[in-house]
Amino acid sequence: MSRALIWLRRDLRLDDLPALQLALRRGEAPIFVYVHAPQEEAPWSPGRASLAWLDRSLRALQADLRGRGSDLLIAQGPTLPTLLQLAQQAEVDSVYWQRRYEPAVIARDAIVKRELRAAGLQAESVKGAVLFEPWEVQTGQGGPYKVFTPFWRNAQTRLKDVVATTAPEALPAPPDVLAAGSLAINALGLIPVPRWDGDFWERFEPGAQGALRALDAFVDGAAEGYLSQRDLPERAGTSRLSAHLHFGEISPAQILTTLRSITWSAAAQADVDGFVRELGWREFSQHLLYHFPHTTDENLNPQFVAFPWQDDPRALVAWQQGRTGVPIVDAGMRELWHTGWMHNRVRMLVASFLTKHLRHHWLHGARWFWDTLVDADLANNTQGWQWTAGTGADAAPYFRIFNPATQAERFDPNGSYVRQWLPELACLPDKALYAPWEHADLLRRLAPDYPQRPIVDLREGRESALAAYQGLPKRD
Ligand SMILES: Cc1cc2nc3c(=O)[nH]c(=O)nc-3n(C[C@H](O)[C@H](O)[C@H](O)COP(=O)(O)OP(=O)(O)OC[C@H]3O[C@@H](n4cnc5c(N)ncnc54)[C@H](O)[C@@H]3O)c2cc1C
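We now turn to the structure provided with this report. Each chain has its residues counted from 1, running along the sequence as written. Thresholds applied to this predicted model are a pLDDT of at least 70 for local features of residues and 80 or more for the giving and counting of side-chain atom pairs; totals over whole chains, interfaces and linings are not thresholded and use all residues. Excluded from the side-chain calculations are hydrogens and water; all other atoms, namely the structure's heavy atoms, are used.

Quick look at the overall build of the chain
Looking only at helices and strands, the chain has 21 helices and five strands in total. Here the chain has a C-alpha radius of gyration of 24 Å; the compact-globule value for 476 residues is 23 Å, and the two agree. In terms of overall dimensions, the chain has a C-alpha envelope of 75 × 50 × 50 Å along the principal axes. Think of it in three bands: with a 1.4 Å probe and only protein chains considered, a residue is buried below 20% of the maximum accessible area for its type, exposed above 50%, and partly exposed in between. When burial is assessed residue by residue, the chain has 57% of its 476 residues classed as buried. Carbon and sulfur atoms make up 51% of the accessible area of the chain, which totals about 20200 Å². Where helices and strands are cited, they refer to DSSP runs of H or I of at least four residues and of E of at least two residues respectively, numbered from the N terminus. Both definitions apply: the radius of gyration is a C-alpha atom measure, and the globule rule equals 2.2 Å times residues to the power 0.38. The Shrake-Rupley method, run with a 1.4 Å probe, gives the accessible areas here. Residue values count only the displayed protein chains as cover.

See the structure below:
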């Protein structure tokens, strides 16, 4: 029987794995390999929280494969010579992998494909962890979309064709020669030292099983009511599937297939459609990243080239550490630090505060998120930051500036979220929780350890951001 290497990257699952299905269809015995080469993804090599997740995800996949009679072989890069060597040792005919759409990865993969083919191997990439390839959904003129609504209107018409496949219960063992040379996952050095990630794993279970459990929990719980609950950060009102999706522990097609297998009431169906629309934003982000690859580091909207961003390292550190004196912002940044995740509404608020009230370039925030989020994803992170900063596609206009105090009052109405992440404010009465500087006596008496004034006066920050925006040269 001929053999195929299945080169796994960020598709750490077995069900609905197109590369595996391709090998099976061609009657080839699959050999699963992960090649660790983060430097090849520079300047967006995975951050530290991502690496901590990766460690657990690889272990989960290896256990799954071993349970089916196979194994996950672990190697360390550079990728091309490593794959060539493995292919030669195992005498494989083919190498298959799922595509990724980050610019550095596309460039690397093109070389890998070319050289593997030059070495006489069948090297093929197949669709990645998306519902649609970024080039499949096109405008009437045949170009990429820059606005979400028409993109999604078009993409949605294709959803009915989406189906998920399953993996066989038994898979063949890899050849002894490869198994003997495989590294231990520990050798990759992914586990943080010191262990700052302890709290992460109270909330998340990396791996395909953890992803399915998170999906089940969502289906049984927050799916119904998603539209009304998804903006309330104190609730578990969203799926928390983002890191599982990022690492390909679950595919969007698997999620759709599960949601479709359930008969929902009309109201719940609207919630489910709202959730699927968020998966649509994920698709849109991949679409933008693929068609506008420079936007990982540059504004999509060229008008912002001349924007007078500020550079204040002290303010940036206060933002990173959750010490700005604006409770909802600080609560979000502390949630991120402790759990590796932050609620979407709060992501928008902290990003708006950094890019507008503090007028820092969105890249400062994107880089911090990149290192600290377990779901750090170049497509979603770039899109999320550029959208909030007003520099991106279909973005919130720059002049629409969230007021973090009124937003907190609206979305955290009894202060539970702020109190959870800022225990030093727990004793403040509700009325003083959103803009505590307006209650200076209470703040001094009840929360002496919290900043007594916000790092920027909200009104002044807003006005100076607007003035900077209005000063921009106008473009057609
Ligand atoms: C500044 C900023 C940075 C962000 N950085 C990231 C990031 O690095 N990685 C990431 O996965 N998401 C990012 N997001 C999007 C969003 O905040 C998260 O996907 C979401 O909070 C994850 O929680 P969930 O899985 O419970 O979401 P749910 O509400 O359950 O949504 C389901 C899935 O849809 C996708 N999704 C939801 N909202 C968005 C969105 N606005 N844009 C794109 N996809 C979305 C995610 O894959 C998510 O898992 C960012 C948003 C902002 C404003």
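Topic: the nonpolar core
Among buried residues, those of type Ala, Val, Leu, Ile, Met, Phe, Trp, Tyr and Cys that are joined through side-chain atoms within 4.5 Å constitute a nonpolar core. Counting 59 residues, the largest nonpolar core has Trp319, Phe369 and Leu425 as its most contacted members. Counting 37 residues, the second-largest nonpolar core is a separate cluster that includes Ala223, Leu241, Leu245 and Val276.

Re the packing of aromatic side chains
Each Phe, Tyr or Trp ring (for Trp, its six-membered ring) is paired with any other whose centre lies within 6.5 Å, and the angle between the two planes then decides the class: stacked below 30 degrees, edge-to-face above 60, tilted in between. Scanning the entire structure with this criterion turns up 31 aromatic pairs. With 5.9 Å between their ring centres and 80° between their planes, Tyr145 and Phe151 make a pair best called edge-to-face. An aromatic cluster is defined as three or more aromatic residues linked by ring pairs; in this entry it consists of Trp53, Trp196, Phe200, Trp201, Phe204 and Phe247. Over the aromatic face of Tyr398 sits the side chain of Lys356, whose NZ or CZ is 5.1 Å from the ring centroid. In our convention, an over-ring charge means Lys NZ or Arg CZ found within 6 Å of a ring centre and within 35 degrees of that ring's normal.

Some remarks on the site of the ligand
For the ligand, the set of nearby residues contains 30 residues, the closest of which are Tyr226, Thr238, Ser239, Arg240 and Asn344. Pairs of N or O atoms within 3.5 Å make up the polar contacts considered here, provided that, within protein, one atom can donate a hydrogen while the other can accept it, and that residues adjacent in sequence are counted only when both atoms are side-chain atoms. Here an oxygen atom of the ligand sits 2.5 Å away from a polar atom, N or O, in the side chain of Tyr226. Where the shell around the ligand is concerned, the elements lending two or more residues are helix 10 (242-246), helix 12 (266-291), helix 15 (344-357) and helix 17 (378-389). Think of it as three bins: nonpolar holds Ala, Val, Leu, Ile, Met, Phe, Trp, Tyr, Cys and Pro, charged holds Asp, Glu, Lys and Arg, and polar takes everything else, Gly as well. In terms of residue class, the shell around the ligand is built from 14 nonpolar, ten polar and six charged. Throughout this document, a residue counts as near a molecule or strand when at least one of its heavy atoms sits within 4 Å of that molecule or strand.

Observations regarding unusual backbone geometry
For the bond running from Ala42 to Pro43, omega is 5°, close enough to zero to count as cis. Tracing the chain through its elements places Pro43 in the loop between strand 2 (29-36) and helix 2 (48-67). Of the consecutive residues Gly77 and Pro78, the connecting peptide bond is found in the cis state with omega at 5°. The backbone of Asp16 sits at a positive phi, close to 50°, despite the residue not being glycine. By the element assignment, Asp16 lies in the loop between strand 1 (3-8) and helix 1 (18-25). We classify Asp16 as buried; its relative accessible area is 10%. A positive phi angle, close to 50°, is found at Glu91, a residue other than glycine.

Here we look at helix 5 (residues 148-156)
The complete set of buried residues in helix 5 reads Phe148, Phe151, Trp152, Asn154 and Ala155. The buried side chains of helix 5 occupy one side of the element, clustering within an arc of 160° when seen end-on. Where the residues of helix 5 are buried, they touch helix 12. The arc under discussion is defined with respect to the helix axis, by the directions toward the C-beta atoms. Here a residue-residue contact requires only that any non-hydrogen atoms of the pair lie within 4.5 Å.

Observations concerning the environment of Ala268
Locating Ala268 in the fold gives a position in helix 12. Note: C-alpha distance between Ala268 and Ala187 (81 residues apart in sequence) is 47 Å.

Some thoughts on the packing of helix 12 against helix 17
Between two packed helices, what matters for the description is the angle formed by their axes and the separation of those axes. The axes are straight lines fitted to the C-alpha atoms, using for helices just the contacting stretch, and the angles between their N-to-C directions are given from 0 to 180°. For the pair helix 12 and helix 17, interaxial distance at closest approach is 8 Å and the crossing angle is 90°. In terms of axis orientation, helix 12 runs roughly perpendicular to helix 17. Contact with helix 12, carried on its side by Trp281, Arg282, Ser285, Gln286, Leu288 and Leu289, involves Leu378, Ala379, Asn380, Gln383 and Trp387 of helix 17 and no other residues of that element. Classifying every residue of the contact of helix 12 with helix 17 gives six nonpolar, four polar and one charged. Relative orientations are named as follows: roughly parallel for angles under 35 degrees, roughly antiparallel for angles over 145 degrees, roughly perpendicular for angles from 65 to 115 degrees, and oblique for any other angle.

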